[in-house]
Amino acid sequence: MLISHGGENEELTRLLPLLRDMTSRMIGLTSPDTTLARAVDFFLDISVPAEACPLGLAPTASSTATLALGDALAMAVMEQKGFSAEQFSRFHPGGKLGARFLRVRDVMHSGHELPEVRPDTKIRDVIQEISAKRLGMTTVLSEDGKLLGVITDGDLRRLLERVDMPLDLTADSVMSRQPRTVAPELLAAKARELMEWPRKITSLVVVEDDGRPLGIVHFHDLVRLPR
């Protein structure tokens, strides 16, 4: 694909015979009745009546026409190839566009950052785990690693209000047994919607199909993402 509004650029026209030997098809974005227009197999007209430059010299209107036609070609190829939003996100991971395609798995806290205790863990140790992982909650897991429930800072505050000696209680006596969970492939933007008012959820457990937690997605991490 060769681009030249005037179509007579010496550096380009000298290349035309060499390019003809190297490829079977050439596309030219140029003005009609030019050396480039006559040499290519497919001619696309980017001529304009006049440049916006008051001197008529700087490529202004013609460069805009070239950009518009290039965008049109890109969209046509995108449609023909069935280019998906997921594929787009891999090539544009940053900024507002990239944030629209982030998945929960991309922003969750996992591995050693995942807080976890057993059902028989004493509350004093539950508090230590929540404090150490700094997510305001912990998961409660069975011996085979499946999610049984969660304990949040709020659960501990409510416990202190109703029990005089809570530290020797165990996690299973305090935990919420039906925590809200999400799949790792859920869009991060959708997870934020699930957590916002009026639900006021600060953390969601990310689980696999078999009920094993993969990580925690925290509201503070999602708020930082551009809308």
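Calculation rules
- Residues numbered from 1 in each chain as written.
- Predicted model: local features only at pLDDT ≥ 70, side-chain atom pairs only at ≥ 80, totals over all residues.
- Heavy atoms only, no water.
- Buried < 20%, exposed > 50% of the residue type's maximum accessible area, 1.4 Å probe, protein only.
- Helix = DSSP H or I, 4+ residues; strand = E, 2+ residues; numbered from the N terminus.
- Pairing = 2+ DSSP bridges.
- Contact = heavy atoms within 4.5 Å.
- Axes fitted to C-alpha atoms, helices over the stretch in contact; angles between N-to-C directions.
- Expected span 1.5 Å × (residues − 1).
- Bend = angle between axes of the 7 residues up to and from the residue.

*Asks:* Can you break down the pairing of strand β9 (residues 203–207) residue by residue, with the values?
*Replies:* Across the 5 residues that make up β9, a large majority, 5, are buried. With burial as the criterion, each face of β9 is covered, one bearing S203, V205 and V207 and the other bearing L204 and V206. Note that strand β8 (residues 181–182) and β9 share 2 bridges and pair parallel. Each residue of the ladder has a partner; that of V182, found in β9, is V206. Two elements, β9 and strand β10 (residues 213–218), share 5 bridges in a ladder whose sense is antiparallel. Counterpart to L204 in the pairing with β10 is V217. Once β9 ends, the chain turns through 5 residues before running back antiparallel as β10, passing G211 with a positive phi of about 90 degrees.

*Asks:* Give me the sheet that holds strand β6 (residues 137–141): which residues, what numbers.
*Replies:* On the basis of which strands lie adjacent, the open sheet formed by 3 strands has the order β5-β6-β7 and mixed pairing. Each edge of the open sheet is held by one strand with a lone partner, namely β5 (116–117) and β7 (147–152). Here 5 bridges tie β6 to β7, and the two strands are oriented antiparallel to one another. Bridged to V140 within β7 is G149. In the packing of helix α7 (residues 123–133) onto the sheet, the strands contacted are β5, β6 and β7, and the crossing angle to β6 comes to about 125 degrees.

*Asks:* For unusual backbone geometry, give the residues involved together with the corresponding values.
*Replies:* The backbone of D33 sits at a positive phi, close to 60 degrees, despite the residue not being glycine. The residue D33 is located in the loop between β2 (27–30) and α2 (35–39) in this model. On the basis of relative accessibility, which here comes to 70%, the residue D33 falls in the exposed class. The phi torsion at R134 lies on the positive side, around 60 degrees, for a residue other than glycine. One can find R134 in the loop between α7 and β6. What makes R134 exposed here is its relative accessible area of 73%.

*Asks:* Outline helix α1 (residues 10–22), listing residues and values.
*Replies:* With 13 residues, α1 extends 19 Å between its outermost C-alpha atoms, agreeing within 8% with the 18 Å of an ideal straight helix rising 1.5 Å per residue. Remark: the principal bend of α1, roughly 40 degrees, maps to L16, with a proline, P17, within the next four residues. Among the residues of α1, L12, T13 and L16 are the ones counted as buried.

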